[in-house]
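Residue-level structure breakdown
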Amino acid sequence: MTRLQTTLGQFSFDSCVMNASGVHCYDRTELDDLRASKATTFVTKSATLNPREGNPTPRYKAVPLGSINSMGLPNLGIDYYLDYLETVEVGESSPFLSVTGLSREETHTLLRKIQSSSYNGLVELNLSCPNLIGKPQLGYDTEGVNDLLTEVFAYFDQPLGVKLPPYFDLTHFDQIAEVLNQFPLTFVNTVNSIGNALYIEDETVAIKPKNGFGGLGGSYIKPTALANVHAFYQRLKPSIAIIGTGGVTSGRDVFEHILCGARLVQVGTALQEEGPAIFDRLEAELRSIMAEKGYECLDDFRGKLHYL
Ligand code: RRO
């Protein structure tokens, strides 16, 4: 029997697939669905200090090779997700609480609130929302990331990771990895959507905010996601685990993320389109690829991409 168990820092998980933040994780009902599914754990929608309505609709569109979104961070506020997480046992395997501040001060307020709450599980700091009007993605500001994490790790001692935007130049991987390696991060999650794409139908954009510019997800972005997972696998110190996100629609895609070095694999667009039953299918497809190749566990092939 193939085993899909994986670990992340001090935590261990029965399997390796879960939702990506933003998909099927807005409220209690959706989070309960994930917990009832074969997803091994879950991450919440990125929370801000106060609840937000998000951008005007239509703000998400499924397209033939993926999706485009400009949700604009609709969420129920940090207190809602902290209340929800009080009902979830953080044992050997933790949920992920995703947060993002609209300013540096707000990020600190959020993290201090988490630190003084009863939640002691994993926290994902989203440095890469592409859809906030007038606000750049912090992940593209290496110095800004360095300054923020320096301040955060002066007081924050829960297991913390960062969600990064995709990078496209090897020197940019070098620069951001050098910064990240200076901190006791538990994980790096790569990638968020490819920011500010434009999808056109006939003569018109597909979504309303920002005149149609939005984050690209789904099959379009798998090669970029795999490149980011593997580039960080080659550069980050081994104590920083990698979560692979982007373009996962099949067990083969999960396999490729793990081959590139991922310890957990997250599903966004395909979960939005197929619903939480997708986790059952992904696990079955992954198991059958592993069985065919004679792999018994993820360690047998994680990070072992062949080069020519
Ligand atoms: O809510 C969004 O518009 C959004 C966020 Br916070 C994010 O991190 N990534 C994305 O594609 N959309």
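Remember, it's a predicted structure, so these values are computed and weren't measured experimentally.

**Side note on the sheet that holds strand 6 (residues 96-99)**
Hydrogen bonding along the main chain pairs the strands of a sheet, whether they run parallel or antiparallel. Spatially, the 7 strands line up as an open sheet ordered 3-15-14-9-8-7-6, and their pairing is parallel. The two strands at the open ends of the sheet, each matched to only one other strand, are strand 3 (17-19) and strand 6. Put simply, the sheet's adjacent strands are angled 25° from each other on average, direction ignored. In this structure, strand 9 (residues 187-190) lies alongside strand 14 (residues 241-245), joined through 4 bridges in parallel fashion. Among the inter-strand pairings, asparagine 189 is bridged to a residue of strand 14, identified as isoleucine 243. Docked against the sheet, helix 3 (residues 104-115) engages strand 6, strand 7 (122-126) and strand 8 (160-164), running at close to 155° with respect to strand 6. Of the strands in this sheet, strand 3, strand 14 and strand 15 (264-267) are in contact with helix 7 (residues 251-259), which crosses strand 15 at around 140°.

**Details of the packing of helix 4 (residues 142-152) against helix 5 (residues 170-180)**
For the pair helix 4 and helix 5, interaxial distance at closest approach is 10 Å and the crossing angle is 10°. Considering their axes alone, helix 4 and helix 5 lie roughly parallel with respect to each other. Along its contact with helix 4, which presents Thr142, Val145, Asn146 and Leu149, the element helix 5 presents Gln175, Ile176, Val179 and Leu180. Here the contact of helix 4 with helix 5 is composed, by residue class, of 5 nonpolar, 3 polar and no charged.

**Quick notes on the pairing of strand 15**
The two faces of strand 15 match: Leu264 and Gln266 on one face and Val265 and Val267 on the other face are all buried. Looking at chain direction, strand 3 and strand 15 are connected through 3 bridges and run parallel. Within the sheet, the bridge partner assigned to asparagine 19 lies in strand 15 and is valine 267. Following the chain from strand 14 across helix 7 to the adjacent parallel strand 15, one finds a crossover that is right-handed.

**Quick notes on the site of the ligand**
Around the ligand, a shell composed of Lys45, Asn69, Met71, Gly72, Leu73, Pro74, Asn126, Cys129, Pro130, Asn131, Asn192 and Ser193 is seen. A distance of 2.9 Å separates an oxygen atom of the ligand from a polar side-chain atom of asparagine 69. In this structure, an oxygen atom belonging to the ligand sits 2.9 Å away from a side-chain N or O atom of asparagine 126. Protein contacts shield 91% of the accessible area of the ligand, which totals 320 Å² for the unbound molecule.

**Regarding the pattern of salt bridges**
Per the stated rule, a full pass over the model turns up 13 salt bridges. Here lysine 113 makes a salt bridge to aspartate 79, at a shortest N to O gap of 2.8 Å. Taken as a pair, lysine 113 in helix 3 and aspartate 79 in helix 2 (residues 78-86) lie far apart in primary sequence, 34 residues in all. By relative accessible area, aspartate 79 is classed as partly exposed at 41%. Residue lysine 222 is joined to glutamate 256 by a salt bridge in which the shortest nitrogen-to-oxygen separation is 2.8 Å. With lysine 222 in helix 6 (residues 222-235) and glutamate 256 in helix 7, this residue pair connects regions lying 34 residues apart in the sequence. Each of the salt bridges in this network shares a partner with another, and the network as a whole consists of Lys222, Arg252, Asp253 and Glu256.

**Points about the environment of asparagine 146**
Along the polypeptide, asparagine 146 turns up in helix 4. For asparagine 146, the residues in contact, after removing those within four places along its chain, are Val179, Gln182 and Phe183.

**Some details on helix 9 (residues 278-293)**
Spanning 16 residues, helix 9 covers 23 Å between terminal C-alpha atoms, matching the ideal 22 Å at 1.5 Å per step. Buried-residue contacts for helix 9 involve strand 3, helix 1 (28-36), helix 7, strand 15 and helix 8 (269-274). At the C-terminal side of helix 9, glycine 294 shows a positive phi close to 80°.

**Points about the side chain of threonine 2**
Residue placement: threonine 2 occurs in the segment before strand 1 (6-8). Every residue in contact with threonine 2, bar those within four places of it in the chain, is listed here: Arg287, Met290, Ala291, Tyr295 and Glu296.

**Examining the sheet that holds strand 10 (residues 194-198)**
Strand order in the open sheet formed by 4 strands is 4-5-13-10, with antiparallel pairing between adjacent strands. Every other strand in the sheet has two partners, leaving strand 4 (60-63) and strand 10 as the edge strands with one partner each. If you compare each strand with its neighbour and ignore which way they point, the axes differ by 40° on average.

**Observations concerning a nonpolar patch on the surface**
A surface patch of nonpolar side chains, about 320 Å² in accessible area, is lined by Leu198, Ile200, Val205 and Phe213. Position of valine 205 relative to the elements: it lies in strand 12 (residues 204-205).

**Thoughts on the packing of aromatic side chains**
A complete count under the given rule lists 12 aromatic pairs for this structure. Taking the centre distance of 4.6 Å and the plane angle of 20° together, the rings of phenylalanine 255 and phenylalanine 301 count as stacked. Taken together, the residues span a long stretch of sequence, with phenylalanine 255 in helix 7 and phenylalanine 301 in the segment after helix 9 at a distance of 46 residues. Taken as a pair, phenylalanine 255 and phenylalanine 301 share a single burial class, namely buried. An aromatic cluster is built from Tyr140, Tyr167, Phe173 and Phe232, whose rings are joined through pairwise contacts. Here the guanidinium or amino end of arginine 28 rests over the ring plane of tyrosine 80, the centre of that ring lying 5.2 Å away. Against the face of tyrosine 155 rests arginine 112, its NZ or CZ located 3.9 Å from the ring centre.

Cut-off values and rules
Residues numbered from 1 in each chain as written. Predicted model: local features only at pLDDT ≥ 70, side-chain atom pairs only at ≥ 80, totals over all residues. Heavy atoms only, no water. Pairing = 2+ DSSP bridges. Helix = DSSP H or I, 4+ residues; strand = E, 2+ residues; numbered from the N terminus. Axes fitted to C-alpha atoms, helices over the stretch in contact; angles between N-to-C directions. Contact = heavy atoms within 4.5 Å. Parallel < 35°, antiparallel > 145°, perpendicular 65-115°, else oblique. Nonpolar A, V, L, I, M, F, W, Y, C, P; charged D, E, K, R; others polar. Buried < 20%, exposed > 50% of the residue type's maximum accessible area, 1.4 Å probe, protein only. Right-handed = clockwise from strand over helix to strand, strands pointing away. Near = heavy atom within 4 Å. Polar contact = N/O pair within 3.5 Å; in protein donor to acceptor, adjacent residues only side chain to side chain. Areas by Shrake-Rupley, 256 points an atom, 1.4 Å probe, with all protein chains shown as cover. Salt bridge = Lys/Arg side-chain N within 4 Å of Asp/Glu carboxyl O. Expected span 1.5 Å × (residues − 1). Patch = residues over 30% accessible without salt bridge, like charges linked within 9 Å, V, L, I, M, F, W, Y side chains within 5 Å. Phe/Tyr/Trp six-rings, centres within 6.5 Å; stacked < 30°, edge-to-face > 60°. Lys NZ or Arg CZ within 6 Å of the ring centre and 35° of its normal.

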